[in-house]
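# Structure at a glance
Chain by chain, the residues run as shown.
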Amino acid sequence: MFSKRNLVAYTIAFLFILVLNFALPRMMPGDPLMAIYGDEALIAMTPELKAQLVERFALDKPLWQQFGAYFLTLFQGKLGYSYYYNAPVLSVILGRLPWTLLLVGTSLVFSTMLGIILGIESGWRRGSRTDRAMLAGLMSLNGFPDFFLGMLLLIAFGVTLGIFPLAGALTPYSGLSGLALVLDILRHLFLPVAALTLAHLANGYLLTRNTMITVLKEPYMLTAKAKGLSQRVLKYRHAGRNSMLPVVTQTGIWMGRVVTGALFVELVFAYPGVGYLTYEALLARDYPIIQGVFLLVAISVLVANFLIDLSYPKLDPRVSYAY
Amino acid sequence: MSKKVLNLVSKLLIPAVIVSLLVLPSCTTEITEISSYTIADSTGDWGYPSPYTHYSRGPGYTRMSFIFETLVWKDASGFVPALAEEWEYVAEENAYIFELRNNVTWHDGEKFTAEDVVFTIDYMKTHPNPFVTLIGPSGVREAIAIDNYTVKLYLEQPYAPFLHDVAGTLAIIPKHIWEGVDDPKSLTGPEAVIGTGPYILADYSKEHGTYLYEAYDDYYLGEPFVDEIKFVKVSEEMIPAALKEGSVSAGDIPPEVVSEMEEAGLTVITAPIAWNAKLTINHRKEPLSSKQFRQALAYAIDREALVQITQRGHGIAGSPGMIPPTSDWYNPDTPQYEYDPAEAKQLLEGLGYELEDGYFTKDGEELELELIAEASFKEVGQFINQQLEEVGIKVDFRTMEAKTVDAKVEAWDFDLSIYGHGGLYEPSILKRVIMDEGFNSTRYTSNEKLSQLLEAQLSEMNAEKRKELVFQIQEIYAEDLPALTLYYPKWYWAHDGNVNLFYTKDGLASGIPIPLNRLSFVK
């Protein structure tokens, strides 16, 4: 299953991504000097300052040399030093990564699971009032961007009702620890996760529902019903399992978005995340951070796809490899 | 007096005296100690608050200024002593003598002396710091410690805003820590935040964008009355709600919620104008290279209406001389180009343009200009687009990503653009944004008189004479109009009143319009 050909394919993809990650940010107009220092009127870009910065950012070296240096540091396990944040790229990203995984990971799990369950129930009752209501409801929910839902939830539950906090991943300098800290984090996590979950619920739901409708027409479903199996077993063990495949594939693709997909929600909730980091780094032309984040995304997509490849035969034994 | 009266008087008088003795002391202004004060900011992270690691923006410097101090400082009215108690300018030698305090200690207990000042200046000359330039026109040729608490700074050349730009902005760093540090950015541990300021850094989180400051008990002006300051990250939209809820003590607010904040019992303060939005003009390209053409543009744009419509009234119409009408340096005789579309049309006709089907053409070619701007200027751009089209100039308005606009302007690949910058408190900004290189400058050097005046005002040490020069600059600049100041926005902060936040005269340090002066937190 994991053949040499596979390995070669993944390696080539990875190398190609590395080159793209390096080249693309540098193709954007403007440079870090302009972006980081040019905007502040109180800073005079003197020739001395400029010379020092150009040297620090290695902007005067030929591109292939810069790439070579990047490649070497990468193999030493280092991701470089951020122009804007004055800190190693790895530490900047790692500082935010756990929060991103918590936020996007949790909402991905919830929206996928909930989407599948709702899709199964909806598909099972296709044409009924419940189905039509769920379809209409989720389609309209899908129309709202995630940050808008976030704002609505924040205003309703944070400002008006005051049940949830207005910003951040936790209460800063509260001195909490242990269970109290966990609860504090969960309180801060609730609304952003709700916003992301609701915004992306429709995807899993529609996919599952449609697949469910097709699966229900299959002859084996008739057999299963004839066997006298309970509704729950029919719905979930027989139909559901077969309807899950498209969603699982989609989730694999989505893993790549886990890292940067919550940018606007992070903004609205002032939640520390890699999404907003990427946005700021792009604006500041902070090449090392951009490269670092893109690398992370690339690795997670490759790994996710690899895992999906592995898990497919288990989910659907009919799938076999032609290699 | 009779014994009875004496008895009565003493019965009343003595208790009265005792009571008043108990009551009176609390009538004197006693500042109540505050245990914690929270400041909200939508960006949150502005870098490690050390002179070389904070991000190169006002808020980054501001956070650092609570920990590190300068030779002189400013409060709401003007210059006040900081590390220097007294100072004088010796004109014949073009030098400043600063008498330093002798009771200042660094946060690690070491004594502060003139050696630290001399070291800082030498170090920052060889390791450039973005906020202070010690080489060139604003530079210090030599710094000498005359004794332990007196330092003499010989300037490179007479520099009028020295106190403002250098002495009031240069953060003094401890020699015993920074000596021998080759790469200043490599110092990122607790030793990098040893300063003389009223607060010490207790915690900083990059990803959460939070800072925790604790009062430095041995501060030379006395222990700060605010024990703890927290900087927290709250999104722009939520700051007003957080202020009302009380989870935050101070923060910047959009103009729309000012009355709501005041009704909730919060104090709202507004910044003296520091920032302007400009119509940047490519004066090297036809037809914009003609002065009359640029003046026609000025007459065609109703800046009063622009403020009303695009800024919903929260701002002041731009003065073509760049310096705002609220400034002490403002020249009231600066030509204002009051909205006059007829005059604009006349000027264009004088240049050989003819109106055809509502648009100006010349030699068969329709007059069309491209206007580019960053997305936040969308309404302003659309307004200008509309106004110019009404006069008969076709405009192609497009919004682009900020740095893309900057890159195009830098390369002179544009017609018109909208850009904004601050620093309007001190006229030293004028030379930088009119003559210097870079996309954020107009790069206008075609008028010799103007260039000469811009250079001269930097070295004119006499305040009256300097003001005259700045007046002249505004008139000539407004006449030539290489760029047009469109409007000055109004900015507001709201706070709970527990700390007297104020806007520093002429901005914090070199002109930062943020009402977070460390003096507010010290008795």
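Note that this is a predicted model, so its numbers are computed, not measured.

So, how was this worked out
Residues numbered from 1 in each chain as written. Chains lettered and ligands numbered in written order. Predicted model: local features only at pLDDT ≥ 70, side-chain atom pairs only at ≥ 80, totals over all residues. Helix = DSSP H or I, 4+ residues; strand = E, 2+ residues; numbered from the N terminus. Buried ≥ 20, exposed ≤ 12 C-beta atoms within 10 Å, placed from the backbone. Contact = placed C-beta atoms within 7 Å. Expected span 1.5 Å × (residues − 1). Bend = angle between axes of the 7 residues up to and from the residue. Pairing = 2+ DSSP bridges. Axes fitted to C-alpha atoms, helices over the stretch in contact; angles between N-to-C directions. Right-handed = clockwise from strand over helix to strand, strands pointing away. Nonpolar A, V, L, I, M, F, W, Y, C, P; charged D, E, K, R; others polar.

## What to know about the overall build of chain B
A tally of regular secondary structure across chain B gives 15 helices and 22 strands. Counting only C-alpha atoms and orienting by the principal axes, one finds that chain B spans roughly 110 × 60 × 55 Å. Expressed as a percentage of the 523 residues in chain B, the buried residues total 49%. A sequence separation of at least 24 residues applies to 67% of the contacts in chain B between residues at least 6 apart.

## Things to note about the overall build of chain A
Within chain A, the regular secondary structure consists of 13 helices and 0 strands. When the helices and strands of chain A are listed from N to C terminus, the series reads α-α-α-α-α-α-α-α-α-α-α-α-α. Seen along its three principal axes, the alpha-carbon backbone of chain A occupies a region of about 85 × 60 × 40 Å. Within chain A, buried positions represent 38% of all 323 residues. The contacts in chain A between residues at least 6 apart in sequence include a share of 75% that link residues at least 24 apart.

## Quick word on helix α10 (residues 231-258) of chain A
Residue and element names in this part refer to chain A. Taking 1.5 Å of rise per residue, 28 residues should cover 40 Å, yet α10 covers just 35 Å from first to last C-alpha, more than 12% shy of that figure. The largest bend in α10 amounts to roughly 55° and is located at G240. Restricting attention to buried positions, one finds in α10 the residues H238, A239, G240, S243, M244, V247, T251, W254, M255 and V258. In this fold, the buried residues of α10 make contact with α5 (89-124), α8 (178-216), α9 (219-226) and α13 (287-315).

## Section: the sheet that holds strand β5 (residues 95-100) of chain B
Sheets are built from strands paired through backbone hydrogen bonds, the pairs being either parallel or antiparallel. Residue and element names in this part refer to chain B. Pairing is antiparallel across the open sheet formed by 4 strands, whose spatial order is β4-β5-β7-β6. If you trace the sheet from one side to the other, it starts and ends with β4 (84-90) and β6 (140-147), each paired once. With strand direction ignored, the average angle separating the axes of adjacent strands in the sheet is 20°. Examined bridge by bridge, β5 and strand β7 (residues 150-155) share 5 bridges and lie antiparallel to one another. Along β7, the bridge assignment pairs F98 with V151. Sheet strands touched by helix α3 (residues 114-126): β5, β6 and β7. Its angle to β6, the strand with the most contacts, is close to 165°.

## Examining the pairing of strand β18 (residues 368-374) of chain B
Residues and elements named next belong to chain B. Bridging between β18 and strand β19 (residues 394-400) involves 7 bridges; their strand directions are parallel. Across the sheet, the residue bridging to L371 is F397, located in β19. A crossover connection joins β18 to the parallel β19 through helix α11 (residues 378-391); in handedness this β-α-β unit is right-handed. Bridge count between β18 and strand β20 (residues 416-421): 2 bridges; the pairing is parallel. Within the sheet, the bridge partner assigned to I372 lies in β20 and is S417.

## Concerning α8(A)
Over its 39 residues, α8(A) runs only 48 Å from end to end, short of the ideal 57 Å by more than 12%, given 1.5 Å per residue. The largest bend along α8(A) reaches roughly 40° and is located at A:H200.

## Side note on the interface of chain A and chain B
Interface size is commonly expressed as the accessible area that is lost once the parts come together. Tallying the contact residues gives 41 residues for chain A and 46 residues for chain B. Its residues assigned to classes, the side of chain A that touches chain B shows 30 nonpolar, 7 polar and 4 charged.

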